[in-house]
Amino acid sequence: MNIKKTLYYCIFILLFNSTMMLSQSIRIIDVDNTDYPNIAVTFESKYSERLDFDKLKLTENNQSCLFTVDNFVEHRQQKLNCFIVDKILFNNHQSRQVILKLLNSIIDKNSKNELINVVIAESDNQDEPVFRPISIEFTDNYTHLFEKCKHAEISTMPFKYISAKLFEYIKKYNNPDNNIIYISQNFAGNKIGKLLTAFSESLSVNYSKIQYLKEAGNEQNIFDELKKQIQSSGSVNSFANIGKTFNLYKINYRSNQNYKVNFFELHYGNDVVRGFFKDKNKGGITSRYTVVYKYLSVFLLLTCAVFIYLFIKGSKKKQSVKKYSSISKEVETNSNETKPSVDVELNEKTENFTLNKLRTTIGRGKDNDILIANLTVSNHHATITNEGGVFYIEDNDSTNGVKVNELKVSKQKIQTNDVIRLGKATLRLNY
C-alpha cells in the first residue's frame, strides 16, 4: 500500500472517531472503586428527559455486566453573583481590603458551581456611568479573582463598559434569578443605583444595595456592618442558577477484572463511552479517558490536516516542475534551426552561451547560468527570457542597470544585432 492510500485511511479513521466522540450525549464523570470489586460509576447525560434504563448497557471485555442504577442524582447547578463597587471605595486601600474580606467571608471557595465577578463603577461628572469588570467573564477561580482585585489599577484595566454593555454582559446568562449586589457610600441621587434598579426590575433579577458606612468606626466594625446588611438582604442565599442543566446518574456493578488498569464501556443507544479504574490497591480514580480521547482525536485530526496541506502543496509543486521541464525540453528539441545563443564580450574576449532555457540568469554570482566575473556586473544582474520564441532581457534591480542600444531599460524585447550592455560587458543575441 502506498503512502497516499495510507494517509487517506488514517484521515477517514480520525474523522470517524472524532465525529463519534464529539457527538456523545453521555459522559463519565467519576469512577469509584474503593469498595472493590463493587464499582460505582457516575455519568452525565445531556438528554433533557430521563434515560430509559432498558437501553443502558455496561460491558467488560465485551461481556455484559449486571448493574443497578440509582435514580436521578442531581442537577448540576451554577450560581451567579455580580458585585458592583463604587470607584471611590475601590481606590481607597482601607475600603478595598474590607470589601475583599467581605467577599471572602460569603463565598464558598470549595464550590465549583458558584460564579462571581467584581465590577468597578464610576460616574463622576460623565453623562453615563462606566463599568470596569475585574474579569471579562464570571469565574469560579476565586483565588485568582481576589488576587487581581488586590493589585488592580483602574487606569490600566483593559475592559470598559457603558451601562448597556454591562447589562448585556449579565443578560447573556439568561436567568431571572441573577443576583446583583451594589456597594456604595451614598445612594441619594446615585445615577448608578438608578440604572441598576431599572435594569433589575426589567429582568426581575435580585438586586441588593449595600451601604459602606465609614462612620461605623474601625475596619472590623465596618466589616460587621456590611456583613449584617448582606445577611439581612438575603443576597448570600439567592445566587442564580445558570447554564445548561445535565442529569447525573450512578451505576453500581461488580467487576470481574483485577488488572493494574481495568476498562469498561457504557452503552446507551448509539452512544458508547469508555472508562477505567486502577487496581483495588490504588483507591478510587476519576475517569477522564473519554475527554482525553476526544481532544487527542481532535489534535490528531488537525495534525493530519496539516500533512494533507503539505502533501497537496508538494504535489502541485511537482506538477509545476514537470510542466516546466516538459516546456524546456520542447524548446531544446524544437526544430532543426540554429539554437539561440548570446555572445558576451569583456576585456576584448568573447564567449558564447547557448540559450537552452526559458529563463537564463546573468550575473557575477556563481549560481547564474551566464557568469560574468566583473565588479561592474551585479550578483544577479539580469535575466533573458524566451516567451514563445521572442526573447526579452529584464533588469533585476542591478546597480549599473541594463542598456539596449544605449537606452536604459527595465524589460526590453531583444533581437539579433542589438547591443546590450551590463556594466563593462557587452552582449549580442544570435538567433
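You'll find the structure just up there.
This report concerns the structure included in the present document. All of these numbers come straight from a predicted model, not from anything done at the bench.

**Some remarks on the overall build of the protein**
Looking only at helices and strands, one finds 8 helices and 26 strands in the protein. For the protein, long-range pairs separated by at least 24 residues make up 61% of all intrachain contacts whose partners lie at least 6 apart in sequence. For the protein, the computed accessible surface area is about 25300 Å², with 50% contributed by carbon and sulfur atoms.

**Quick word on helix 7 (residues 219–233)**
Look at helix 7: 21 Å from first C-alpha to last across 15 residues, which is about the 21 Å you get at 1.5 Å a residue. Taken as a whole, helix 7 has its buried residues at Ile222, Phe223, Leu226, Gln229 and Ile230. For helix 7, the angular spread of the buried residues around the axis is 125°, confining them to a single face. The outward face of helix 7, more than 90 degrees from its buried face, is lined by the exposed residues Lys228, Gln231 and Ser232. Looking at the buried positions of helix 7, the neighbouring elements they touch are helix 3 (93–106), strand 10 (179–184) and strand 11 (206–211). Capping the start of helix 7, asparagine 218 holds a side-chain oxygen 3.2 Å from the backbone nitrogen of glutamine 220, two or three residues further along.

**Looking at the pairing of strand 15 (residues 271–278)**
Taken together, the 8 bridges between strand 14 (residues 261–268) and strand 15 define a ladder with antiparallel strand orientation. Bridging across to strand 15, histidine 267 finds its partner in valine 272. Linking two consecutive strands that pair antiparallel, namely strand 14 and strand 15, is a turn of 2 residues; a positive phi of about 60° is found at glycine 269 within it.

**Considering the pattern of salt bridges**
Applying the stated criterion across every chain yields a total of 8 salt bridges. One salt bridge in this structure joins arginine 27 and glutamate 44, with 3.4 Å as the shortest N-O distance. Here glutamate 44 lies in strand 2 (residues 38–45) and arginine 27 lies in strand 1 (residues 26–35), a separation of 17 residues in the sequence. Its relative accessible area of 23% is what places arginine 27 among the partly exposed residues. A relative accessible area of 2% places glutamate 44 in the buried class. For arginine 428, the salt bridge identified is with glutamate 345, shortest N-O distance 3.6 Å. Placement of the pair is arginine 428 in strand 26 (residues 425–430) and glutamate 345 in strand 16 (residues 341–346), with a sequence separation of 83 residues. Members of the salt-bridge network, linked through shared partners, are Lys87, Glu122 and Arg132.

Definitions and limits used
Residues numbered from 1 in each chain as written. Predicted model: local features only at pLDDT ≥ 70, side-chain atom pairs only at ≥ 80, totals over all residues. Heavy atoms only, no water. Helix = DSSP H or I, 4+ residues; strand = E, 2+ residues; numbered from the N terminus. Contact = heavy atoms within 4.5 Å. Areas by Shrake-Rupley, 256 points an atom, 1.4 Å probe, with all protein chains shown as cover. Expected span 1.5 Å × (residues − 1). Buried < 20%, exposed > 50% of the residue type's maximum accessible area, 1.4 Å probe, protein only. Arc of directions from axis to C-beta. Polar contact = N/O pair within 3.5 Å; in protein donor to acceptor, adjacent residues only side chain to side chain. Pairing = 2+ DSSP bridges. Salt bridge = Lys/Arg side-chain N within 4 Å of Asp/Glu carboxyl O.

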